[in-house]
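Here's the letter readout for the chains.
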Amino acid sequence: MADNNPWWADAVVYQVYPRSFADSNGDGIGDLDGLTSRLPYLSELGVDALWLTPFYPSPLADGGYDVSDYRDVDPRLGTLAGFDALVARAREHGMRVIVDLVPNHCSSAHPLFQAALAAGPGSQEREMFIFRPGRGPGGDLPPNNWPSNFGGSAWTRVPDGQWYLHLFDAGQPDWNWRDPRVPRMFEDIIRFWLDRGVAGLRVDVAHGIFKDPELADAADTVRSVRPSGYYHRPETLELYRSWRAILDSYPADVWPGPRTAIGEVWYDTYATLQPYLAPDVLPQVFNFELVTAQWDALAIRKGIDATLALTTGSRAPWVIGNHDVVRPVTRWGVAPARAAALLLLALPGSAYVYQGEELGLPEVLDIPDSARQDPAFRRTGGKVRGRDGCRVPLPWERGGASFGFSGTDPASSPAPPWLPQPAYWGAYSVAAERGDPLSFLRLYQAALRLRGENPALGVGELSGGAAGGAAGGAAGGAAAPAGEGAIRWLDAPDDALVFARDPGFVFAANLGSRPLPLPPHREVLLASGALAPDGALPRDTAVWLAT
Ligand code: NOJ
Ligand code: CA
């Protein structure tokens, strides 16, 4: 069945945060040429595609998610020609490129927002954004009680007295998607990148975009991802149907093949996520089960079952980290993060790996306040530490200036990296880990190689009949869940995760304190840590078994 699946159904996608990946010209800022020069590393790692977070011109009020020109490259990161070269070189390595689409908001420096400011209240220009008069005497209060994701109100007042909506930073005004010029413009932007040969789009804040036209007060001002006046509006799904038609209009039989889009949808319940998985909307939507779960077997199993009940796995890729959340090593611990990597890559469907996860980078917790860049830090007066700790530039070499982030020429003296690297960074470098058979890097390389070779992994084969096993379907015995058979839970203690995939594969992880006897097997294909002398699986260790 694998042959009928589009490439993205079981792709391992490597998420690049371009500013922190590799710097080609010594200015301390990662750039597209730096990434291109490091493609052999990614090819050796064994990933299928790259997702680049925004590299567009931006004042960097939110790490580039404040876009001032959707159709260009920030001059600090390169040029469009450099982007084309990156796509072409990646193709030589068999890797596709996915770019980030930021439709909920732009930058306050975007020419259309600047034009809206200049044109004044009641103008056509203001209609492209969400401007309103304030409430209270003199209109001094925001139009409603919606909170910004980064702290404070979602509204900022402009000198003529009106307020504009921004669900994120004040430097990120929300578009008014009810003005037909906005969807038209984004169709052009989508085609612009697809025409350049990108294989897909990651859709930022895909649960946002449309807002309640009444802009009614929310039930409370606590930030949440439940359906509200600003999240999970049904109109958004209609929009995705139109985008799906654009994606599907590109030829599927020539490189890069069927185009995809993957929505960033944060959800409170599976019922909220479900409509995004209708067959004709975005091809894919992240599931964040392994990001939100504690390192607890029951919680993780519940998340896996619920996701598989909605999909076969491929529609809602797995992810354990990204540029918005604390690194897995720091969230769960080193041994759990290694075991989680094997879980991530053994589950059915597509998986995303955030740069540095393959090195086991920890969250950098002690970035000085003066160096912090995240608007959440600024807007909460430091109460929220923010996401800088998972965005620190990568270490490539054991030592030297910026651990090789800005080139490896020992004679050069590059500018310091845009976020400071900790003194111990060299121990996590690519150079150090390449030579260490017990390193994270070697674990990821081995897992990706095996995943490519093993017919049970990736999309794998849905087993017929007895599927479901001990856990059964999360749908509670009603109609068979879509993913049933993609994995089969085997009998195991509550603090273990043990499942089979066909043909001949078993995953086992021990999250409890007692050693777990390995299930029957022919061969241990890979282990995230040493097995006990009697062959049992120690705490926080996972194995891939051939049966
Ligand atoms: C989600 C992105 O991943 C995050 O980095 C950004 O701050 C917000 N969307 C706003 O664009
Ligand atoms: Ca640079």
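As the structure is a prediction and not an experimental result, all values here were calculated from the model.

Reading guide: rules and limits
- Residues numbered from 1 in each chain as written.
- Chains lettered and ligands numbered in written order.
- Predicted model: local features only at pLDDT ≥ 70, side-chain atom pairs only at ≥ 80, totals over all residues.
- Heavy atoms only, no water.
- Pairing = 2+ DSSP bridges.
- Helix = DSSP H or I, 4+ residues; strand = E, 2+ residues; numbered from the N terminus.
- pLDDT = per-residue confidence, 0-100.
- Contact = heavy atoms within 4.5 Å.
- Axes fitted to C-alpha atoms, helices over the stretch in contact; angles between N-to-C directions.
- Parallel < 35°, antiparallel > 145°, perpendicular 65-115°, else oblique.
- Left-handed = near helix turned anticlockwise from the far one by under 90°.
- Nonpolar A, V, L, I, M, F, W, Y, C, P; charged D, E, K, R; others polar.
- Buried < 20%, exposed > 50% of the residue type's maximum accessible area, 1.4 Å probe, protein only.
- Right-handed = clockwise from strand over helix to strand, strands pointing away.

(A) Spotlight on the sheet that holds strand E5 (residues 155-157). Reading across the sheet, the three strands line up as E4-E6-E5 and stay open at both edges, with antiparallel pairing between neighbours. Where the open sheet ends on each side, the last strands, each with one partner, are strand E4 (131-132) and E5.

(B) Quick look at the confidence of the model for the chain. On average, residues of the chain score 94 in pLDDT, and 95% of them reach the 70 mark or higher. Under a pLDDT of 50 for its full length, residues 464-480 has, in the predicted model, 24 contacts with residues more than four places off or in other chains.

(C) Broad picture of the packing of helix H6 (residues 181-195) against helix H7 (residues 235-248). The contact between H6 and H7 brings their axes to 11 Å, and the two run at 25°. Taken together, the axis directions place H6 and H7 in an arrangement best described as roughly parallel. Crossing hand, H6 versus H7: right-handed. Listed contacts from H7 to Glu-187, Ile-190, Arg-191 and Leu-194 of H6 are Ser-242, Trp-243, Ile-246 and Leu-247. For the contact of H6 with H7, the class distribution of residues is five nonpolar, one polar and two charged.

(D) How the structure looks around the side chain of Arg-126. With respect to the secondary-structure elements, Arg-126 resides in helix H5 (residues 124-127). Exposure remark for Arg-126: the relative accessible area of 3% places this residue in the buried category.

(E) Inspection of the pairing of strand E7 (residues 200-203) at higher detail. Burial along E7 is two-sided: Gly-200 and Arg-202 and Leu-201 and Val-203, pointing in opposite directions, are all buried. Two strands pair when backbone bridges link them, and strand E3 (residues 96-101) and E7 are joined in this way by four bridges, in the parallel orientation. What sits directly across from Ile-98, in E7, is Gly-200. For the crossover from E7 across H7 to strand E8 (residues 260-263), the handedness is right-handed.

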